[in-house]
Amino acid sequence: MTALIPHLFRTEYRKIVSVLCKLFGIEYIEIAEDIVSDTFLLASELWGLKGLPENPTAWLYTVAKNKTRDYLRRHSLFAQTISKEIKSHSDISEEIEIDLSSKNINDSQLAMIFVVCHPCNPAEARIGLALNLLCGFGVDEIAHAFLTNKTVIYKRLQRAKEKLRTEKIEIEQPTLSEIEERLSTVLMVLYLLFNEGYYSSNQDVTLRKDICLEAMRLTCLLIENEQTNKPFVNALFSLMCFQSSRFDARHNPQGETILYQDQDTSLWNQDLIAKGEYFMDQASEGDKFSKYHLEAGIAYWHTIKTDTIEKWENILQLYNQLLLIEYSPIAALNRTYALSRANGKPEAIVEAEKIQLPDNHLYHSLLGELYTDIDNTKAISHFEKALELAKSTANKSLIAGKILECRRKHITCP
Amino acid sequence: MKDFLLVYRTDLNTLPKGASPEQMQASAKRWMDWIGGIAAQNKLTHRGNRLVPSGKVVKADNVITDGPYTEIKECIVGYSIVHAASIEEATELTKGCPVLAAGGNVEVREINAL
């Protein structure tokens, strides 16, 4: 039972909160959260004493419904305010239907995705809100994921919820004409959420994987809905499938990173790779392509371990196109690495010297990598600079290993 | 940071006629690798466009002629917009532009925004 409540909290809290929020309006988000928290509190008390009910989820739904009706009965004024919107009649508390059917849960969650990802909040706050309201993560877990303290997260979430209230964001699916624009802000949040799990320096691999899976679940929700099932949503999902196929190969049991070239390919998840290919196919409908298409393409080539000219030439051209759409330091660095594999190290060194990201440890790691075997003295000095700039211990030990390797080469072949 | 227009010019008569798909692909790669290098420095404002060779020239008194392109040595074949701190820096970016290897040139002009 001790394991069941946190699990149910994770999966059911967000569903009931979404349904109640949609019923009440975003102004009353706190009331919705309080009702659901009370429900779980009661569950942990009663289940501990009397044992588990036959169907714990149904029990939670019934109690949440009753608590909502009680609340509406006791606060008739509030009930009248919200009843205007739902056009109920005399005995409001009895009339209001609290619909916890799986269809309404999905509809409500879909509508909540658009609220949570509303651009009125900064990106960081949107990711926090998504974890909290859409994924059912508690403040503790979010603080742990962001490697910060609870107070920071608590304040961030409060501010973000307040902003949604004052902006009076409607909980509804956007109209067809708005969908393309609103969807792109939603996708950005889901993309960042996934990356938060995938690239975080957090050692808690289980938590990181959970975040990735949640980002995938939400993206899937968009694909299952006809109106939001757009090519760029499929492209993002395809990217997520390709990336997460390597999840179990990227870490050793101690949670330390295993670099791509050192990974055991038998641990790559072939089902996810096949899924990625399927959704990439779906994404190719229509004539528009997005950065997610390009990134999915890059991720696809990484699912093929064998190095060929074709592989690196394709990766290089995809990075070239990605940079034409949107610059990012990481894309610039990866593009230069691909250039070294496709066109050779000397050309890549010239290009790397031009991109000038002297404060980025990855920049010096890249230069170290490129100079290895060409000018090992320079390689060592770049790796040393990278070591100085790197923050996480995992990164530091990887770089230290590279320095040792270079020193060995330097002795035998200066 | 200022924006600069890069104008690519070349002699159309020197361009190989009926290039093979492989040659066209190799040419596309040279351009993408070069412009991708500018984008990787975060100095690309707009990738720009190619221009089709045929055109019209309108002069005073409604005199319209077909483009002068076949007669002149330097025909505009495309443009891009980059940003840089100075004209020297913008000029530096043109190094390695594929049009140079094909015997053409790049004109660098600061954009004086309206």
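The model shown is predicted, which means the values in this text are computed figures rather than measured ones.

We now examine the overall build of chain B. Along the backbone of chain B there are three helices and six strands. Starting at the N terminus and walking to the C terminus, you meet the elements of chain B as β-α-β-β-β-β-α-α-β. Summarising its shape, the C-alpha atoms of chain B cover approximately 40 × 40 × 20 Å along the three principal directions. Taking all 114 residues of chain B together, the buried fraction comes to 34%. Roughly 7300 Å² of accessible area belongs to chain B as shown, and the carbon and sulfur atoms make up 56% of that amount. Here chain B contributes 13 positive and 13 negative side-chain charges, whose respective centroids are spaced 4 Å apart.

As a further point, take the sheet that holds strand β5 (residues 75-84) of chain B. All names here are of chain B. On the basis of which strands lie adjacent, the open sheet formed by four strands has the order β2-β5-β1-β6 and antiparallel pairing. Since the sheet does not close on itself, it has two edges, and those belong to β2 (44-50) and β6 (105-110), each with one partner. Here the strands of the sheet are splayed against their neighbours by 20° on average, with no regard to which way each runs. Here strand β1 (residues 2-10) pairs with β6 via six bridges, running antiparallel. Bridging across to β6, Leu5 finds its partner in Arg109. In the packing of helix α1 (residues 21-40) onto the sheet, the strands contacted are β1, β2 and β5, and the crossing angle to β2 comes to about 160°.

By a widely used convention, the size of an interface equals the accessible area lost when the partners come together. Listed by partner, the interface residues are twelve residues for chain B and 15 residues for chain A. Of the roughly 1200 Å² buried between chain B and chain A, counting both surfaces, carbon and sulfur atoms make up 59%. One can count one salt bridge joining chain B with chain A. A:Glu313 is paired through a salt bridge with B:Lys29; the nearest N and O atoms lie 2.8 Å apart.

Attention shifts here to the pattern of salt bridges. Residue and element names in this part refer to chain A. Taken as a whole, this structure holds 29 salt bridges over all chains when the rule is applied. Notably, a salt bridge pairs Glu369 with Lys402, separated by 3.4 Å at the nearest N-O pair. Remark: Lys402 occurs in helix α20 (residues 393-412) and Glu369 occurs in helix α18 (residues 361-371); sequence separation between them is 33 residues. One salt-bridge network, held together by shared partners, links Arg10, Glu141 and Asp210.

Below, the discussion takes up the packing of aromatic side chains. All names here are of chain A. In total, this model carries 16 aromatic pairs over all chains according to the counting rule given. Their ring planes at 25° and their centres at 5.8 Å tell us that Tyr260 and Trp268 sit as a pair that is stacked. Accessibility classification places Tyr260 together with Trp268 in one group, the buried group. Between Tyr278 and Phe279, the ring centres sit 5.0 Å apart and the planes meet at 90°, which makes this aromatic pair edge-to-face. Exposure remark for Tyr278: the relative accessible area of 47% places this residue in the partly exposed category. Through pairs of rings, three or more aromatic residues link up here, namely Phe194, Tyr198, Tyr199 and Phe247. Residue placement shows Arg250 over the ring face of Tyr198; its charged tip is 3.6 Å from the ring centre. Sitting over the face of the ring of Phe247, Arg250 holds its NZ or CZ atom 5.8 Å from the ring centroid.

Strand direction decides the pairing type here: β1(B) and β5(B), joined by nine bridges, are antiparallel. Counted as the bridge partner of B:Phe4 is B:Val82 from β5(B).

Residues and elements named next belong to chain B. Note: strand β3 (residues 56-59) against strand β4 (residues 63-66), four bridges, orientation antiparallel. Each residue of the ladder has a partner; that of Lys56, found in β4, is Asp66. What sits between β3 and β4 in their antiparallel hairpin is a turn of three residues, with Asp61 showing a positive phi close to 60°.

Residues and elements named next belong to chain B. For chain B, per-residue confidence averages 89 on the pLDDT scale, and 95% of positions sit at 70 or higher. Least confident of the elements in chain B is β4, whose mean pLDDT is 84; most confident is helix α2 (residues 87-93), at 97. Model confidence for the complex: the whole-complex pTM is 0.87, and ipTM, which rates the interface, is 0.89.

Attention now moves to unusual backbone geometry. In this structure, A:Lys168 takes a positive phi of about 50° despite not being glycine. Within the fold, A:Lys168 resides in the loop between α9 (150-166) and α10 (176-199). Residues other than glycine seldom take positive phi values, yet B:Asp61 does so here, at roughly 60°. For B:Asp61, the position within the fold is in the loop between β3 and β4. Owing to a relative accessible area of 75%, B:Asp61 belongs among the exposed residues under this scheme.

Attention now moves to the environment of A:Leu110. All names here are of chain A. Mapped onto the fold, Leu110 is located in helix α6 (residues 102-116). Residue class for Leu110 comes out buried when judged on its relative accessible area of 2%. Linking Leu110 and Ile29, residues 81 residues apart in sequence, is a C-alpha distance of 16 Å. Residue contacts for Leu110: discarding those within four places in its chain leaves Gln173, Leu221, Leu222, Asn225 and Thr228.

Criteria and thresholds
Residues numbered from 1 in each chain as written. Chains lettered and ligands numbered in written order. Predicted model: local features only at pLDDT ≥ 70, side-chain atom pairs only at ≥ 80, totals over all residues. Heavy atoms only, no water. Helix = DSSP H or I, 4+ residues; strand = E, 2+ residues; numbered from the N terminus. Buried < 20%, exposed > 50% of the residue type's maximum accessible area, 1.4 Å probe, protein only. Areas by Shrake-Rupley, 256 points an atom, 1.4 Å probe, with all protein chains shown as cover. Lys, Arg positive; Asp, Glu negative; His and termini not counted. Charge placed at Lys NZ, Arg CZ, Asp CG, Glu CD. Pairing = 2+ DSSP bridges. Axes fitted to C-alpha atoms, helices over the stretch in contact; angles between N-to-C directions. Contact = heavy atoms within 4.5 Å. Buried area = accessible area lost by both parts, 1.4 Å probe. Salt bridge = Lys/Arg side-chain N within 4 Å of Asp/Glu carboxyl O. Phe/Tyr/Trp six-rings, centres within 6.5 Å; stacked < 30°, edge-to-face > 60°. Lys NZ or Arg CZ within 6 Å of the ring centre and 35° of its normal. pLDDT = per-residue confidence, 0-100.

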